[in-house]
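Below are the chains, spelled out letter by letter.
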Amino acid sequence: MLRILSLTVLLSGAALAAYTGPKVQLTYLHGFTGPDRPVMEKLISQFNASHPNIEVKGQAQPWGTTWQQLGPLVASGRSPDIVVINEDQVTSFIARGALTPLTAAELSTAGISKARFYGPLWATADYKGASYGVPVHSVALAMYYNKDLLAKSGVTKVPTNRAEYLAAAQKCTVDKGGKRPGEAGFDAKNLNTWAAGVVNGWMGGTIAYSLVRQNGVDLVDKSQNAAFTSAGAREAVQFLVDQVQKYQVSPANATEQSEIAAFRQGKTCFNFNGVWMLEQYKGQSGLNFGVTSLPQLGTKMNAAWGGSSHLTLPRQRANYDKNKRLASLEFLAWMTQPAQNLTWTAAGGLPTQPTVAKDKSYDNNPVSGLFEGLPNVYATSGYPWVGQVRGAWDGAVEAAVLGKKSVEKALADAQNEASKQIAQARQTIK
């Protein structure tokens, strides 16, 4: 059921500039093909009903299909009027000239103010001083915690920093003989309960990226070159490796799926995963859990990985109807108003703007435990070779966590590999 918007949010949105031109039809390409599709289709219908001279035709297809098709569509002058692009793809399409900047004048006329959105979220679709997209969808890495297991383990406070987390982790980890890490005879290979498994794969790289940002650095430097061997990156990955090898509060060879299963079964105090797991955990019988933003496990600041989707306007043929651009801007403005964003979050996303996060409909919703951290959510974005960087980074984290390489060697090898791929990408990207 769609949320009913409170009066507070209704009054908070900027006034929209009504499109008064001739009737136009717009093609709107997006990848919301799951349970979120009916919500998006409902919003499109509402827009069309309230804008008699604009007809938006929504087209849902898998994200990967869009990434393959958009470049050729733009090159042939057949691009859709509006397309939703995710955080890990948007900079690449911008750099390849597939998207058009949204000028300050256009945004102002349409009633779109970037100040209304979370800063890092808006900046995800910025490139070289220009804005290319308006956030319509947001997700983030979260920490889930088992309330009953924490209480049983003697943990009275949900950790918010590294010291508190390590203390809780020691209490949560018990082998099948009843011993904890550091006690004589403790068997790390036969755990009964544990803190949280350090996973490999994409999720492992995502958690590690969050700690890198918490250490005040990024996966690339100011020249957009891979920066895996920075002191902050090394420290972040070493902290994760230490959960297995030094502190022994994580089983070896943990995977994202094994940790989801363990959390469901009440074996782990914590689980680090995306906000998209909330509905699944809510449906788990007997699981008494809470959810909060990622604690500051790093050394400098609060930060967490975030994913997002942005409404963008692709480059069009030379004789493109200017009325269509004006109408498209009105659609962007309407779709990202607080009222529509609140409706959209019913599909499982997070608020894109503080005004929506304050709505009273969240008062008894566990997802509100994430809202305090939303200003500190950072996407892997801002450089055109996100895929090349993340692929190499995820591989490095996995090699280090699984003990296949030292942290230093894993990161150095991955940086060399990423640098080669970036050099190749630079030849095709402006």
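Residues numbered from 1 in each chain as written. Predicted model: local features only at pLDDT ≥ 70, side-chain atom pairs only at ≥ 80, totals over all residues. Heavy atoms only, no water.

## Some points on the state of the cysteines
Scanning the entire structure with this criterion turns up 1 disulfide. One disulfide in the model links C172 with C269; its S-S distance is 2.1 Å. As the torsion about the S-S bond is roughly -95 degrees, the C172-C269 disulfide counts as left-handed. Linking C172 in helix α8 (residues 162-172) with C269 in the loop between α11 (256-264) and β9 (270-274), this pair joins segments that are 97 residues apart in sequence. (Disulfide = S-S within 2.5 Å. Helix = DSSP H or I, 4+ residues; strand = E, 2+ residues; numbered from the N terminus.)

## Some thoughts on the pattern of salt bridges
Scanning the entire structure with this criterion turns up 10 salt bridges. E106 is paired through a salt bridge with R325; the nearest N and O atoms lie 2.7 Å apart. Of the two residues, E106 sits in helix α5 (residues 104-110) while R325 sits in helix α13 (residues 322-335), which places them 219 residues apart along the sequence. Between R213 and D218 there is a salt bridge, with its nearest N and O atoms 3.4 Å apart. The structure contains a network of salt bridges with shared partners spanning K405, K409 and D413. (Salt bridge = Lys/Arg side-chain N within 4 Å of Asp/Glu carboxyl O.)

## A few points about the side chain of D175
Here D175 is to be found in strand β7 (residues 174-175). One buried charged side chain, D175, makes no salt bridge at all; its nearest oppositely charged neighbour is K179, positioned 6.9 Å away. Side-chain polar atoms of D175 contact the backbone nitrogen of D187, separated by 2.8 Å. Not counting residues up to four positions away in its chain, the partners in contact with D175 are G185, F186, D187, N190, L191 and N192. (Buried < 20%, exposed > 50% of the residue type's maximum accessible area, 1.4 Å probe, protein only. Lys, Arg positive; Asp, Glu negative; His and termini not counted. Polar contact = N/O pair within 3.5 Å; in protein donor to acceptor, adjacent residues only side chain to side chain. Contact = heavy atoms within 4.5 Å.)

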